[in-house]
Amino acid sequence: MTRWLAVWVISIIIGIWYHEAMRNWWMGLLVASAILFFWPRYSSAKRYGVSLALFWLCLAVLRAGQVEEKPDPMFAALGKTVVLSGRVQDGPTLVNGGMRSEERLRMILAVEAVDHVLTQETVSCYLPLEGQLEMGTGQKIALVGKLAGGTRYHNPGQTWSVDSRYRCTVADWQSVSMLDATKDWSSRANIWRQKIRALLADSMPGSEASALEGLLFGGASGIPSDWLSVFSTTGLIHILSVSGTHVALLIGVVFCLARNIMPNGAAAAAALIVSLAYGVVCGFSSPVVRSLLMGWIALGALCSGRDGDAWAALCFAAGGLLLYEPALLWDISFQLSFAATMGLLAFNKPLQKIGSVCLPENVAGLLAVTIGAQLGSLPFLAWYFKSLSLASLPANLIVAPMLEIVMMLGLAGALLGGNFLLAGKMAFVLASFVFSLAFSAAKILAQMPGATLPLPPFGLVSGSVYFLLLSLPWWPLAWRSWKKQAGMLLAVLLLAILYAPSAGVLELHIIDVGQGEAILLKTPSGRAVLIDAGQGGTGDVGKRVVVPYLTHQGVYKLEYLLLSHEHDDHAGGAPAVVEGIKVDQLLVPAGPATPPVMQAIRLSDRPPISLRKGQRLQMDGVDIEVLAAGEFETGNRNENEGSAVVRIQYGKRSFLLTGDLEGRSEAALVKAQGERLHSTVLKVGHHGAAKATSEEFLALVQPTCAAISVGAGNSYGHPHPETLRRLQRDGVRVYRTDERGAIIFSTDGDRLSVQTWRDLSDNPWEWKRQNGG
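Residues numbered from 1 in each chain as written. Predicted model: local features only at pLDDT ≥ 70, side-chain atom pairs only at ≥ 80, totals over all residues. Heavy atoms only, no water.

**Q** What should I look at first to understand the packing of aromatic side chains in this one?
**A** The description of two aromatic rings rests on the distance between their centres and on the angle between their planes. Applying the stated criterion to the full structure yields two aromatic pairs. Considering the side-chain rings of Tyr-735 and Phe-745, the 6.2 Å spacing of their centres and the 90° angle between planes classify their relative orientation as edge-to-face. Taken together, the residues span a long stretch of sequence, with Tyr-735 in strand β21 (residues 733-736) and Phe-745 in strand β22 (residues 743-747) at a distance of ten residues. Pair check on accessibility: Tyr-735 and Phe-745 agree, each one buried. Three or more aromatic residues joined by ring pairs form one cluster here, namely Phe-655, Tyr-735 and Phe-745. (Phe/Tyr/Trp six-rings, centres within 6.5 Å; stacked < 30°, edge-to-face > 60°. Helix = DSSP H or I, 4+ residues; strand = E, 2+ residues; numbered from the N terminus. Buried < 20%, exposed > 50% of the residue type's maximum accessible area, 1.4 Å probe, protein only.)

Structure, rendered in structure tokens:
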């Protein structure tokens, strides 16, 4: 049964993964399935198995297509004034730098209908400060406002997103009306969580309260950067995400501790009750429910010892969830839940047996649970968090058990705090004490030499090799020669795939940073240059988007960080980049620096070099030349016309990066450089503004492709229709970050290829749901 359920879930995964390619010939597969099943001359289990596998593959293809084509009423209402009705999920709170950068109130609304069309969505609603209503969490309201899409960045490996995919701006409080003051179950749970947050803030220092809130409810909002850095370095950052690893560890630890004082059945019941309580605290959101389901399967395996039944249940649960919601295949919570549970099932007993040789049984069991869950989820942690923590093993030995104690105390405080404030506060105070000890220990481990190993993200091939390597039954038969040799060969193959250089290929990445710009250049030997760093300020795109993108690409050192000019949408993220990535040399515009550039200079190890016309950088056969550095500016030195222009040449292919150049400065560049502007790829100036990329300029550049870095639905009207028409008339293929996400140009000096986030996306539905196809 387990084997056939495994085939079943694999068929569903393949059908969902390749549903677009199979949608035109699924009928042929279905006919082949029927022929195999009813073929009269042969009768064998294998034939029936293949037939059923084809059938479920076809069903997955159809189900995936059905979900993909389902209309999204929220998307259809974008840009319109709409009526939203639903329940307040998080009461109005003051935010700085909200809509249009003024102080406003933000309220999280669980929408039940948009313009009276039923839907389920979470929307961030922004309201004016004046005229507030008496409104609290859980109350049902209706409001009238203008709907817009939430700011999201479409880049490979991107994990950060805003609280919701949509936001709504309400003009005045008269547009808000109360529908029902009664509160449903989920609303009461939200009110409870608000009380817990207040009690946390009253019981411990702010940093510990924010971290414990993340530990209990998930999310890193409000946690100081030094705490996040320590958790990341010690391989414990995933504990701030309500995912499978989180829940699996919770259930596994409770069960392992409880069975020391009670029978297995009672210990399993205790773990089940604790996990249910945890679900109540977190609100039983979809990720929590999925994680709990996977965790209960692992609990069944730990309790009964019948691994086959546990594997069958895991396959059945995964297949059922994927058929119900195919997009879960690309959901980080589902991936971690499934992988962590798989790791527990596969490695708990062998690791416990190995550990019990030199450790007490309960300690060995605790370590087996922790390490097993991490072994199963390592490729996903590498993909999303980009490094392997060498400090993770001692951290799991020392810190993880302390964090589990903190979680238990926090859970107890959360359960008691709703009605017994004193008891809840005592639990939180004790949790704060243990948490401070855990953080101190983690900080010491994080400062160890070589605490982290930069790990290129596992792709499909390398991840498959990794799991194949782990699947070898090397214990207790590991010393049989053929298995040992096979394991060594697989390990070498895995390292080769992960660390093999991209021989002879230059890559230029136009990172999706919204209404801004950041461009990564990777030379054939893997050396990296960053031109501009995106917007700083409240959102700090440099920290939240650019640095994660660099690490996801395996870039932990920049040879140069070049800032074309000092506007915030180009240079604002520079301090975060210099702080998060080692930068050998900073190239900045000449003259007085703006505050973000000054901060980047202070963080840099070396004095900066001022940009000047004629500067040339040469690496690995790549020639980088500064064609202009502000000498064409008119008026204020920080205007767009003072932007630097960079040309990159590799073999027969070249790239022209024009920053925000436009107008008279662009005309002066045409006059000064002439035919030297000819390039294969043009990065269009000033996000495609009307004054940029004139006909005279295009006539000299003669690009084959053009890239425009621009934010979706920006208020400037970029790119301008006339600019697009000029490019179209010249037969230039245009790629826009607002339409395709990150754009990656690759060349060996002769051939040029282009890939975009839309092509490489972890989730092919994400774009269509957010951008209408």
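Let's pick the thread back up.
**Q** Teacher, can you tell me more about the sheet that holds strand β15 (residues 616-619) here?
**A** Strands in a sheet are paired, the pairing made by backbone hydrogen bonds, and the direction either parallel or antiparallel. A sheet is described by the order of its strands in space; here seven strands give the open sequence β15-β16-β17-β18-β19-β20-β21, paired in mixed fashion. Looking at the sheet topology across the chains shown, the edges are occupied by β15 and β21. Across the sheet, the mean angle separating the axes of adjacent strands is 15° when strand polarity is ignored. Note that strand β18 (residues 653-657) and strand β19 (residues 681-683) share three bridges and pair parallel. Residue pairing for β19: Leu-656 is matched across the bridge by Leu-682. (Pairing = 2+ DSSP bridges. Axes fitted to C-alpha atoms, helices over the stretch in contact; angles between N-to-C directions.)

**Q** It is not clear to me how the sheet that holds strand β14 (residues 609-610) should be interpreted in this structure. Could you clarify?
**A** Strands sit in the order β14-β13-β12-β11-β10-β9-β22-β23 across an open sheet of eight strands; the sheet is mixed. Edge positions in the sheet fall to β14 and β23 (752-756), since each has one partner strand and no second.

**Q** What is the right way to read the nonpolar core from this model?
**A** If you look at soluble globular proteins, the nonpolar side chains tend to sit buried side by side. Leu-520, Leu-530, Leu-550, Leu-558, Leu-561 and Val-577 are the most contacted members of the largest nonpolar core, which has 30 residues in total. Secondary-structure elements contributing two or more residues to this core are β11 (528-531), α19 (541-552), β12 (557-562), α21 (574-580), β13 (582-588) and α22 (595-603). Top element by residues in this core is α19. It accounts for six residues. Apart from the residues within four sequence positions on either side, Val-577 is in contact with Leu-530, Ala-533, Gly-542, Val-546, Val-547, Leu-550, Leu-558, Leu-561 and Val-583. If you look at the next biggest cluster of nonpolar residues, it comprises 29 residues, including Leu-212, Met-402, Leu-403 and Phe-439. (Core = buried A, V, L, I, M, F, W, Y, C linked by side-chain atoms within 4.5 Å. Contact = heavy atoms within 4.5 Å.)

**Q** Honestly, the pattern of salt bridges in this entry has me stumped. Any pointers?
**A** Proximity of charged atoms lets side chains of opposite charge pair with each other. Per the stated rule, a full pass over the model turns up 14 salt bridges. Here Arg-729 and Glu-695 are joined by a salt bridge, their closest N and O atoms 3.1 Å apart. Of the two residues, Arg-729 is situated in helix α25 (residues 721-729) and Glu-695 in helix α24 (residues 695-701); the sequence distance between them amounts to 34 residues. The residue Asp-738 makes a salt bridge to Arg-736 at a minimum N-O spacing of 2.7 Å. Members of the salt-bridge network, linked through shared partners, are Lys-557, Lys-582, Asp-584 and Asp-605. (Salt bridge = Lys/Arg side-chain N within 4 Å of Asp/Glu carboxyl O.)

**Q** Would you mind showing me how to read the side chain of Asp-738 here?
**A** In this structure, Asp-738 sits in helix α26 (residues 737-740). Within the local environment of Asp-738, its side chain forms a polar contact with the side chain of Arg-736, the two groups lying 2.7 Å apart. (Polar contact = N/O pair within 3.5 Å; in protein donor to acceptor, adjacent residues only side chain to side chain.)

**Q** Got a minute to help me understand unusual backbone geometry in this structure?
**A** Among all residues save glycine, negative phi is the norm, and among peptide bonds the norm is trans. For the bond running from His-718 to Pro-719, omega is -10°, close enough to zero to count as cis. Residue placement: Pro-719 occurs in the loop between β20 (705-708) and α25. Backbone geometry places Asp-115, a non-glycine residue, at a positive phi of 50°. Here Asp-115 shows up in the loop between β2 (104-114) and β3 (117-127). Look at Gln-702: it is not a glycine, yet its phi comes out positive at around 50°. For Gln-702, the position within the fold is in the loop between α24 and β20.

**Q** Looking at this model, I keep getting lost on the pairing of β18. Mind explaining?
**A** Consecutive residues of a regular strand have side chains that alternate between opposite faces of the sheet. Most of β18 is tucked away, with four of its five residues classed as buried. Note: strand β17 (residues 644-650) against β18, five bridges, orientation antiparallel. Along β18, the bridge assignment pairs Arg-647 with Leu-656. Where β17 hands over to β18, the hairpin turn is made up of two residues, of which Gly-651 adopts a positive phi near 60°. Traced from β18 through helix α23 (residues 663-673) to β19, the parallel crossover comes out right-handed. (Right-handed = clockwise from strand over helix to strand, strands pointing away.)

**Q** Looking at this structure, I do not really get α23. What am I missing?
**A** Owing to its 3.6 residues per turn, the α-helix aligns residues three or four sequence positions apart on the same side. Listing the buried residues of α23 in full gives Ser-665, Glu-666, Leu-669, Val-670 and Gln-673. Seen along its axis, α23 keeps its buried residues to an arc of 145°; they face one direction. Exposed side of α23, more than 90 degrees from the buried face: Arg-664 and Lys-671 are the residues found there. Residues of α23 that are buried sit in contact with β16 (622-629), β17 and α24. Directly after α23, the chain includes Gly-674, whose backbone phi takes a positive value near 55°. (Arc of directions from axis to C-beta.)

**Q** Got a minute to help me understand a nonpolar patch on the surface in this structure?
**A** Taken together, the side chains of Ile-10, Ile-14, Trp-17 and Tyr-18 define a hydrophobic patch exposed on the protein surface, amounting to about 380 Å² of accessible area. By secondary structure assignment, the location of Ile-14 is in helix α1 (residues 2-17). (Patch = residues over 30% accessible without salt bridge, like charges linked within 9 Å, V, L, I, M, F, W, Y side chains within 5 Å. Areas by Shrake-Rupley, 256 points an atom, 1.4 Å probe, with all protein chains shown as cover.)

**Q** What should I look at first to understand the side chain of Lys-683 in this one?
**A** Among the secondary structure elements, Lys-683 is positioned in strand β19. Look at Lys-683 and you get buried, because its relative accessible area is 1%. The contact partners of Lys-683, leaving out residues within four places of it in the chain, are Ile-510, Glu-517, Ile-519, Leu-656, Leu-657, Thr-658, Gly-659 and Ala-707.

**Q** Teacher, can you tell me more about the environment of Val-254 here?
**A** Within the fold, Val-254 resides in helix α9 (residues 244-258). With relative accessibility at 10%, the residue Val-254 sits in the buried group. It is 7.4 Å that separates the C-alpha atoms of Val-254 and Ala-270, two residues lying 16 residues apart in sequence. In this structure, Val-254 is in contact with Ala-270, Ala-271, Val-274 and Met-408, ignoring residues within four places of it in sequence.

**Q** How should I be thinking about the environment of Arg-259 in this particular structure?
**A** Structurally, Arg-259 can be placed in the loop between α9 and α10 (264-282). On the basis of relative accessibility, which here comes to 27%, the residue Arg-259 falls in the partly exposed class. Between the C-alpha atoms of Arg-259 and Ala-270, which are eleven residues apart in sequence, the distance is 9.4 Å.

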